[in-house]
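Take a look at the letters that make up each chain.
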Amino acid sequence: MPQTYDAAIVGAGVTGALTARALSRYDLRVALIERLHDVAQGATKANSSIVHAGFDAKSGTLKARMNVRGNAMMEETCAALHVPFNRCGSLVVGFTPEELPVLEELKARGEANGVPGLRILSRDELLEMEPNVNPEAAGALYAPTGGIVCPYELCIAATECAAGQGVDFYRDFDVREIAQEAGGFTLRGAAGEEIKAGIVVNAAGVHADDISRLIGDDSFSIHARRGEYLLLDSAQKGVVNHTIFQCPTKMGKGVLITPTVHGNVLVGPSAENIDDKLDLATTDWGLRNVQSTVARSVPNYRIRDVITSFSGLRAVSDKDEFILRPSAVNPRFIQAAGIESPGLSAAPAIGEFVAELVIAAMDEKPAVKADWNPGRREPVRIAELSAEERKAKIAENPLYGRIICRCENVSEGEIVDAIHAPAGARDVDGVKRRTRAGMGRCQGGFCGTKVLEILSRELDLPPDAITKFGGGSKILIEKTK
């Protein structure tokens, strides 16, 4: 018999995870369903990591409302979930006199949206704040409430919180059929698995229109917009201290350069509409475009310090707006679709809003848990501890004294914790996103095999069953001796 839930969320990106966390406040049975092997596998793992202030979205839209509310919620959300967040501020730089009116327009729009503290900087004020910015800049819009966060850490933490409060997490559940029945739905996966749910939340990212069509709702369409990025080593830390944008275009907010919460520097993205919703290739054109475009903002960043490149797909809807509403086909099917930028910034607010839509769709309103915990157990991060704190942790568990990843100073104890956490890591990339083992300059060249061995031991699986990111991404194929 299939498991039965009050609500099922399709898609375990940051939207789905924070919706699951919001619903875990209530006395409900909730399922979080992901077609891939782990959370944060779609747009959430590959985006700009920016918490936008809220001046870009058109006034009166859900994008504007959710962005400003999500920005205001982000600090408290990250503190509860023990996720690093830095309100470093953002700058939109104008390089010609013709671009300065655009900055004024963005400032006026931001003020209409309720963004505090916006002001226009002169060239001298800009260069005092960011000495490495191109001295040919004419001025900038400064937004002090802009910030940075690690998107996949936020998603993982929200999932751990939800799972710790009783939400069931399903991996590798590729929803192919949704049968509408009296009182709810039956969701069937590609492997024949089934669950039942009274309410379904569609948070499936670039596949949200495909999921919507499974109930006969074709009221919107999603296309993928690929953005390519370069990640620079922490040796470039300090080349910029704020997120630096150029003036936006019809394709988005443009190529930016920003610090990350972990001390790296991120450059990108390009913007290319593509047909294939699974195409995460990086291209010579895209990366060269990123390199040359960002040099207009910060000419002296060092391209030789690039340690990796990657791409992500934005879920761009034909509505140019977040789609957050019950379906007209079935009001118990809640759409959380078209969540492109500023989706990460808005995610805490979207989770809250969608949870309210779910509760409103129920015939009987559930009770709020008296003992609900909005957080999770704080992860041990050996690299961030003082010498005395490390000594105490190693005395508590000697595995914290064995460093596996030298680039990022990640211990075996941290990796074991990540595997055994609620909805924990099951593959090498899952460990990487939870602990940063493999995130450094060598990109796992030193620690990759050791991480594989630990996963094999802790999951009681043969080494050749461990994958990089699930599916067919095997690392070891067969024994040679």
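Please read all numbers here as calculations on a predicted model, not as lab measurements.

How each quantity is defined
Residues numbered from 1 in each chain as written. Predicted model: local features only at pLDDT ≥ 70, side-chain atom pairs only at ≥ 80, totals over all residues. Heavy atoms only, no water. Helix = DSSP H or I, 4+ residues; strand = E, 2+ residues; numbered from the N terminus. Expected span 1.5 Å × (residues − 1). Buried < 20%, exposed > 50% of the residue type's maximum accessible area, 1.4 Å probe, protein only. Arc of directions from axis to C-beta. Contact = heavy atoms within 4.5 Å. Salt bridge = Lys/Arg side-chain N within 4 Å of Asp/Glu carboxyl O. Pairing = 2+ DSSP bridges.

In this structure, what is going on with helix 3 (residues 100-113)? I would like to understand it.
Because an α-helix packs 3.6 residues into every turn, residues spaced three or four apart end up facing the same way. In this model helix 3 runs 20 Å from its N-terminal to its C-terminal C-alpha over 14 residues, within 8% of the 20 Å that 1.5 Å per residue would give. Every buried residue of helix 3 is listed here: Leu103, Leu106, Lys107, Gly110 and Asn113. Projected onto a plane normal to the axis of helix 3, the buried residues spread over an arc of 125° and lie on a single side. If you follow the buried residues of helix 3, they end up packed against helix 2 (62-81), strand 5 (90-94), strand 6 (119-122) and strand 7 (139-143). Note on helix 3: the residue one or two positions beyond its end, Gly114, has a positive phi of about 95°.

Honestly, the pattern of salt bridges in this entry has me stumped. Any pointers?
Side-chain pairs of opposite charge can arise whenever the charged atoms involved come near each other. A complete count under the given rule lists 34 salt bridges for this structure. For Lys63, the salt bridge identified is with Asp320, shortest N-O distance 3.5 Å. Here Asp320 lies in the loop between strand 18 (306-317) and strand 19 (323-326) and Lys63 lies in helix 2, a separation of 257 residues in the sequence. The exposure class of Lys63 is buried, given its relative accessible area of 9%. Between Glu181 and Lys196 there is a salt bridge, with its nearest N and O atoms 3.3 Å apart. You can see Glu181 sitting in strand 10 (residues 175-181) and its partner Lys196 sitting in strand 12 (residues 194-202), a full 15 residues away along the chain. For Glu181, a relative accessible area of 35% translates into the label partly exposed. What emerges from the salt-bridge pattern is a single network uniting Asp38, Arg171, Arg433 and Arg434.

I keep staring at the pairing of strand 15 (residues 256-259) and nothing clicks. Help me out?
Covered by surrounding structure in strand 15 are Leu256 and Thr258 together with Ile257 and Pro259, the residues of both alternating faces. Relative to strand 16 (residues 265-268), strand 15 runs antiparallel, the two being bridged by four bridges. Across the sheet, Pro259 pairs through a bridge with Val265, a residue of strand 16. The turn joining strand 15 and strand 16, which pair antiparallel and follow one another in sequence, is formed by five residues; a positive phi near 95° is taken by Gly263.

Help me understand the sheet that holds strand 3 (residues 50-51) in this model?
Either a parallel or an antiparallel arrangement is found when strands of a sheet pair, and the pairing is made through backbone hydrogen bonds. Spatial strand order, 3-8-4: three strands in an open sheet with antiparallel pairing. The sheet is open, and its two edges are formed by strand 3 and strand 4 (85-86), each paired on a single side. In the sheet, strand 3 pairs with strand 8 (residues 147-149) via two bridges, with the strands oriented antiparallel. Across the sheet, the residue bridging to Ile50 is Ile148, located in strand 8.

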